[in-house]
Structure formats: C-alpha cells, structure tokens
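Spelled out, the chains give:
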Amino acid sequence: QVQLVESGGGLVQAGGSLRLSCAASRSIRSLDVVGWYRQAPGKQRDLVASMTDGWTTNYRDSVKGRFTISRDNAKNTVYLQMNSLRPEDTAVYYCYAKFTPVVERSYEFWGQGTQVTVSS
C-alpha cells in the first residue's frame, strides 16, 4: 500500500499563503490520481484539487486561481500551494491517492490530515 503523510498546515491570516506537502512512502509514478480533499466541522469531505499521472488538474470552483496542486515524482511528494486564503478555507486537509490497476478495481489511500485555520 501507499502511506501518505501531510505537513505544512497551520494558522494564517486571511490573504496569507500556505503550502501543504504530502509525502508518500513509495513511488507515486504509478498512481492514477493524487489530490487534496478538505473537511470542515459538520461538513462533508470535498475535493479541493486533483492531478492525474498525465498532469491533468482539476480544482474546486472556490479555489480556482488561488490554489495550485503539483507533484514531484522524484521526491514522491504532492504539494498544494494555497494563496489568498480565506476564512472559509478553514478545514482539515487530506492527501489522497488512487491506484487503478484494472478498470474494475481501484485502491484509495488517505493521509491523516493536517489542520488549516484561516483567521480574519
């Protein structure tokens, strides 16, 4: 399996920036999708950003133009650069990866989460 460990969360003021990192325990080159989800208290866990192994990206509408997902296969690390942070971005952010060896079967992996708090 793939173990994912997030880091880089913290407390920032609105308008500030933060970079999250997700270190994988093994090569991420074979993973079909890597990404970030977030979950605020009492809310569902929602996709923030994702990237395929072909570098195609997808972003939640509310973060487009502010967040950037990237990956460094050589370092087995996925990043989420967050700029112009808003209080509504406050949530626990989870690293995510999916491996689909065959079309009828996929495997999902999650990190433990890192807290991001944005104050006014």
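Structure: above.
One structure accompanies this document, and this report is about it. Values in this document were obtained by computation on a predicted structure and should not be read as measured data.

Analysis parameters
- Residues numbered from 1 in each chain as written.
- Predicted model: local features only at pLDDT ≥ 70, side-chain atom pairs only at ≥ 80, totals over all residues.
- Heavy atoms only, no water.
- Helix = DSSP H or I, 4+ residues; strand = E, 2+ residues; numbered from the N terminus.
- Buried < 20%, exposed > 50% of the residue type's maximum accessible area, 1.4 Å probe, protein only.
- Contact = heavy atoms within 4.5 Å.
- Areas by Shrake-Rupley, 256 points an atom, 1.4 Å probe, with all protein chains shown as cover.
- Lys, Arg positive; Asp, Glu negative; His and termini not counted.
- Charge placed at Lys NZ, Arg CZ, Asp CG, Glu CD.
- Disulfide = S-S within 2.5 Å.
- Pairing = 2+ DSSP bridges.
- Axes fitted to C-alpha atoms, helices over the stretch in contact; angles between N-to-C directions.

1. Considerations on the overall build of the protein
Part 1 of the reasoning: Broken down by element type, the protein carries zero helices and 11 strands.
Part 2 of the reasoning: Each helix and strand of the protein, ordered N terminal to C terminal, gives the series β-β-β-β-β-β-β-β-β-β-β.
Part 3 of the reasoning: Reported as C-alpha extents along the three principal axes, the dimensions of the protein are approximately 45 × 30 × 25 Å.
Part 4 of the reasoning: For the protein, buried positions account for 42% of its 120 residues.
Part 5 of the reasoning: Considering only residue pairs separated by 6 or more positions, the protein has 54% of its internal contacts joining residues 24 or more positions apart.
Part 6 of the reasoning: Accessible surface, the protein as shown: approximately 6,400 Å² in total, 46% of it carbon and sulfur.
Part 7 of the reasoning: For the protein, the distance from the average site of its 14 positive side-chain charges to the average site of its 10 negative ones is 3 Å.

2. Some points on the state of the cysteines
Part 1 of the reasoning: In the structure shown here, the tally under the stated rule is one disulfide.
Part 2 of the reasoning: The disulfide partner of C22 is C95, and the S-S distance across this bridge is 2.0 Å. Its S-S torsion of about -85 degrees marks the bond between C22 and C95 as left-handed, since a negative value means left-handed. Residue C22 is found in strand β3 (residues 18-24), and its partner C95 is found in strand β9 (residues 91-102); the two are separated by 73 residues along the sequence. Like C22, the residue C95 is buried in the burial classification.

3. Concerning the sheet that holds strand β7 (residues 67-72)
Part 1 of the reasoning: As summarised here, the arrangement of the four strands in space is β1-β3-β8-β7, forming an open sheet in which the pairing is antiparallel. Each edge of the sheet is formed by a strand with only one pairing partner; in this case those strands are β1 (4-7) and β7. Going from strand to strand, the sheet's axes swing by 15 degrees on average, the running direction of each strand aside.
Part 2 of the reasoning: Direction of pairing for β7 relative to strand β8 (residues 77-82): antiparallel, over a ladder of six bridges. Directly across from R71, in β8, lies its bridge partner V78.

4. Some remarks on unusual backbone geometry
Part 1 of the reasoning: In the Ramachandran plot, W55 falls in the positive-phi region, its phi being about 70 degrees despite a non-glycine side chain.
Part 2 of the reasoning: Among the secondary structure elements, W55 is positioned in the loop between β5 (46-52) and β6 (57-59).
Part 3 of the reasoning: Owing to a relative accessible area of 47%, W55 belongs among the partly exposed residues under this scheme.
Part 4 of the reasoning: Phi angles above zero are rare outside glycine, and N76 is one such case at about 55 degrees.
Part 5 of the reasoning: With respect to the helices, strands and loops of the structure, N76 is situated in the loop between β7 and β8.
Part 6 of the reasoning: On the basis of relative accessible area, N76 is assigned to the buried category, the value being 19%.

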